[in-house]
Amino acid sequence: MNIILFGPPGSGKGTQAKRLVAERGWVQLSTGDMLRAAKAAGTELGQRVAAIIDAGELVSDEIVIELIRERLPEAEAAGGAIFDGFPRTVAQAEALDALLGERDSQVDAVVELKVIDEELIQRLVKRAEEEGRPDDTEEVIRNRLKVYYDQTAPLIPYFDEQGKLKAVDGMGSMDEVAASIAAALDKK
Ligand code: AMP
């Protein structure tokens with residue numbers, strides 16, 4: 001099973017991905033986590049992407065596609081992947097379709113978490129206080145939302161045309177959203 005958790009920054013993708021990992025044993029593939037780990041470790045890749053992440057811009061498609069490609073065997077062995085924060089551009093989505101196709105696999109469902117902007121900003125500001133992520137300052141948060149609407153939201157019709165899009169209300173509590181995701185995934 002390959003699931004994309006889709007939505008703007010702060011919509012709860014990471015939180016819900018972790019729940020699916022715990023409940024279903026699938027593997028979370030978060031390009032944001034992978035890039036932050038590379039940055040923290042000071043690898044060559046980390047140094048190359050640090051300023052881009054801190055500004056809330058997107059790193060190049062080639063970089064994130066390669067990060068995902070490397071992790072697909074592990075997800076396949078676990079019986080499923082939850083893509084979190086990837087794909088973020090149409091080129092990334094096309095590359096994912098091709099990579100999975102080569103492995104006789106496919107994206108099974110795209111769960112779109114719908115949350116209004118005001119709530120997203122509130123959640124991200126709160127996360128900034130709790131975790132101190134350098135890209136959670138108000139200015140960068142606004143840029144990340146703009147980048148989402150400009151470059152990532154155009155994926156919604158792409159997934160819809162494939163008949164894979166399942167919109168879920170992301171405004172409720174963590175448990176409520178998890179229940180809505182489970183219902184969307186398990187609906188025959
Ligand atoms: P996230 O934790 O998913 O919000 O990602 C944090 C940052 O990592 C983003 O603001 C981008 O700079 C970068 N990033 C993560 N995933 C991608 C992706 N799929 N494509 C391009 N940049 C990404």
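So, on to the overall build of the protein chain. Within the protein chain, the regular secondary structure consists of nine helices and five strands. Written out in order from the N terminus, the α and β elements of the protein chain read β-α-β-α-α-α-β-α-β-α-α-α-β-α. The globule rule puts the C-alpha radius of gyration for 188 residues at 16 Å, and the 16 Å found for the protein chain is close to it. When the backbone C-alpha atoms are referred to their principal axes, the protein chain occupies close to 40 × 40 × 30 Å. Taking contacts inside the protein chain between residues at least 6 apart in sequence as the whole, the part at least 24 apart equals 74%.

We now examine the packing of helix H2 (residues 31-41) against helix H3 (residues 44-55). The interhelical angle for the contact between H2 and H3, taken along N-to-C directions, is 120 degrees, at an axis separation of 8 Å. H2 and H3 meet at a crossing whose hand is left-handed. From H2, Leu-35, Ala-38 and Lys-39 reach across to H3, where they touch Leu-45, Gly-46, Val-49, Ala-50, Ile-53 and Asp-54. The residue makeup of the contact of H2 with H3, split by class, is six nonpolar, one polar and two charged.

Two orientations exist for strands paired in a sheet by backbone hydrogen bonds: parallel and antiparallel. Read across the open sheet, the five strands follow the order E2-E3-E1-E4-E5; overall the sheet is parallel. Among the strands making up the open sheet, the edge pair consists of strand E2 (27-30) and strand E5 (165-169). Each strand axis lies, on average, 25 degrees off the axis of its neighbour in the sheet, ignoring direction. Judged from the four bridges that link them, E2 and strand E3 (residues 81-84) form a sheet pairing that is parallel. Within E3, the residue paired with Ser-30 across the bridge is Asp-84.

Let us now look at the packing of helix H4 (residues 61-78) against helix H5 (residues 90-102). Put simply, H4 and H5 touch, their axes get as near as 10 Å, and they point 25 degrees apart. Looking at the two axes, H4 sits roughly parallel to H5. When you trace H4 past H5, the crossing you get is right-handed. Facing Asp-61, Val-64, Ile-65, Ile-68, Arg-69 and Leu-72 of H4, the residues of H5 in contact are Ala-91, Gln-92, Ala-95, Leu-96, Leu-99 and Leu-100. Across the contact of H4 with H5, the residue classes tally to nine nonpolar, one polar and two charged.

About the thresholds
- Residues numbered from 1 in each chain as written.
- Predicted model: local features only at pLDDT ≥ 70, side-chain atom pairs only at ≥ 80, totals over all residues.
- Heavy atoms only, no water.
- Helix = DSSP H or I, 4+ residues; strand = E, 2+ residues; numbered from the N terminus.
- Rg over C-alpha atoms; globule rule 2.2 N^0.38 Å.
- Contact = heavy atoms within 4.5 Å.
- Axes fitted to C-alpha atoms, helices over the stretch in contact; angles between N-to-C directions.
- Left-handed = near helix turned anticlockwise from the far one by under 90°.
- Nonpolar A, V, L, I, M, F, W, Y, C, P; charged D, E, K, R; others polar.
- Pairing = 2+ DSSP bridges.
- Parallel < 35°, antiparallel > 145°, perpendicular 65-115°, else oblique.

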